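Coordinate analysis (summary)
The residues making up each chain are set out below.
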Amino acid sequence: MSTSVIGEPRPLRVLQITSAAVGGSWFHDQVRGLAELGNEVCAVLPREGPLADRLRGLRGVRVEIIPFGVPHRIRQLPVLLAGHWRLMRFVRAYKPDVIHSHLIIAKLVARLVSAAYPPALVVSQVPGTVHLRIVLFRILERLSLRRDDLVLGSCRAIMRRYQAMGARSVAVSYYGCDVHRFDPATSPDAFRREFGLTDDTPTVGMVGYMYASKLREFRQVGVKGHEVFIDAIPLILRQNPEVRFFVVGDELVGDGEYRRELERRAARLGIADRVRFTGFRSDISSVMAGLDVLVNPSMDESACYAVVEALLMRKGVVATDVGGLPDTVQNGRTGLLIPPADPPALAQAVNTLLADPAARLRMADRGRELALRQFDIAGTVGQVNELYHQGLAARGRRRLLRRESPA
């Protein structure tokens, strides 16, 4: 049963598992929202880090650090095997109603340890599909997928992909955010004054982590497409020589070499004095307020927090027509879509938005309306909670039918 009083869903015991230790705002916000609905939520992470620290600051959320993962070296195997055994014992003792995992490593481990407590509803949420380009992960994903009672795609494209792969049940569930903390009336002055810009200097920026990748598909152009943005800048300057450009964010992991290579790329193109690499910024509202146009030239992407934030701030947006970006950037309506890995197309789209501020604002108004409706954390978390109860109720009905079936 999933209700304590008729019409009132009972609080659930939810185990949320992710393999991220840094970043992970999408995970943090969902955990917080589920706890605020009255559920008992425990977040399991494989190691300490900024994400664990943030989660510990949430009321009603328990945080467990239990090493898990795929060994990269043989000497890691004993520690990880011990961690998986410890996690199985924890699941058996915790007795969760729901085991909800995010990211490929966490999903594979969650499917394994869910055997320790069969009554739990097993839910996977998929924030992206880059892992499906890796043969080992693609095979393991397909082999273990039927362990999931429900797969949540974080955009329509991901949902359709997993439906085609044979998932037993699928749904779209966007990772929401606190949409009301992004005020389009925020003054651009702080950001512009920091970089010595006048009020009428056009600004174009890209906001996102830098991901270096050894995958063949991303050796020339990284996952987020930073190279495409940099290569488009000289083309934009031909038509709009006064524009200033910003690359906001840094390497999520790594030694900084990928960022340095991007900076060298800008220098080789003779635009080093026109583009600023700001590094990580916590004041994203201020950054967005200072930009006229946000670009997302990703090669593989979900619905994308940065794009949602730009729409909430009523900014012009140019994005590639891949993954979940069309869920937010509706071409000609809330922004402009371009083909991936196409610097001339990116430059043309940016110049189009810069040339017509009125049209850009009309798109931005519609974009903010869509983002408020589709990505409000209260709505997305409420949907996830409802899907939990529906899934548990369906499992209860199936068990009842099996008991009542004649031998």
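Scope of this entry: the structure provided in the associated data block. (Residues numbered from 1 in each chain as written. Predicted model: local features only at pLDDT ≥ 70, side-chain atom pairs only at ≥ 80, totals over all residues. Heavy atoms only, no water.)

**Focus on the overall build of the protein**
Heads up, the rule is: Working definition: helices are DSSP H or I runs of at least four residues, strands are E runs of at least two. Numbering for both runs from the N terminus. The atom set for the radius of gyration is the C-alpha atoms, and the globule formula is 2.2 Å times the number of residues raised to the power 0.38. Classification of residues uses two cut-offs on accessible area relative to the type maximum, computed with a 1.4 Å probe and protein chains only: under 20% is buried, over 50% is exposed, and between them is partly exposed. In this analysis, two residues are considered to be in contact whenever any of their non-hydrogen atoms come within 4.5 Å of each other. A 1.4 Å probe and the Shrake-Rupley method give the accessible areas. Residues count as covered only by the protein chains that appear here. For the purpose of charge, His is not counted, nor are the chain termini; Lys and Arg are scored as positive and Asp and Glu as negative. Here the site of a charge means atom NZ of a Lys, CZ of an Arg, CG of an Asp or CD of a Glu.
Secondary structure summary: the protein contains 15 helices and 15 strands in total. Taken against the 2.2 N^0.38 rule, which gives 22 Å for 407 residues, the C-alpha radius of gyration of the protein at 22 Å falls within 12% of a compact globule. By its C-alpha atoms, the protein is 80 × 50 × 40 Å across when sized along the principal axes. Put simply, the protein has 407 residues, and 55% of those count as buried. Considering only residue pairs separated by 6 or more positions, the protein has 67% of its internal contacts joining residues 24 or more positions apart. Of the roughly 18,500 Å² of accessible surface on the protein, a fraction of 53% belongs to carbon and sulfur atoms. With 56 positive and 42 negative side-chain charges, the protein shows a separation of 8 Å between the mean positions of the two kinds.

**Describing the sheet that holds strand E12 (residues 275-279)**
Cut-off, in case you're wondering: Two strands qualify as a pair provided DSSP detects at least 2 bridges between them. Note on definitions: angles span 0 to 180 degrees between N-to-C directions of axes, and those axes are lines fitted to C-alpha atoms, for helices only across the stretch in contact.
With parallel pairing, the six strands of this open sheet are ordered in space as E12-E11-E10-E13-E14-E15. Looking at the sheet topology across the chains shown, the edges are occupied by E12 and strand E15 (336-338). Taken pair by pair, the neighbouring strands of this sheet meet at an average axis angle of 20 degrees, ignoring direction. Strand direction decides the pairing type here: strand E10 (residues 203-207) and strand E11 (residues 244-248), joined by five bridges, are parallel. Following the sheet pairing, Val207 is matched in E11 by Val248. Sitting on the sheet, helix H11 (residues 305-312) touches E10, strand E13 (293-296) and strand E14 (316-320), and the angle it makes with E13 is about 160 degrees.

**Comments concerning the packing of aromatic side chains**
Selection criterion: Only centres within 6.5 Å qualify two rings of Phe, Tyr or Trp (six-membered ring in Trp) as a pair; their planes then separate them into stacked at under 30 degrees, edge-to-face at over 60, and tilted for everything else.
A complete count under the given rule lists nine aromatic pairs for this structure. With centroids separated by 6.3 Å and ring planes inclined at 80 degrees, the aromatic side chains of Trp26 and Phe27 adopt a geometry described as edge-to-face. Of the residues examined, Phe27 reaches a relative accessible area of 0% and is grouped as buried. A ring pair is formed by Tyr209 and Tyr211, whose centres lie 6.5 Å apart and whose planes are at 70 degrees; its orientation type is edge-to-face.

**Section: the sheet that holds strand E3 (residues 13-18)**
Strand order in the open sheet formed by seven strands is E5-E4-E3-E6-E7-E8-E9, with parallel pairing between adjacent strands. Bordering the open sheet on either side are strand E5 (61-65) and strand E9 (170-172), each of which pairs with just one other strand. Along the sheet, successive strands turn relative to each other by an average axial angle of 20 degrees, direction set aside. In this sheet, strand E6 (residues 98-102) lies alongside E3 in parallel orientation, the contact comprising five bridges. Bridge pairing in E6 links Leu15 to Ile99. Sheet contacts for helix H6 (residues 156-165): strand E7 (121-126), strand E8 (150-153) and E9; angle to E9, the most-contacted strand, approximately 175 degrees.

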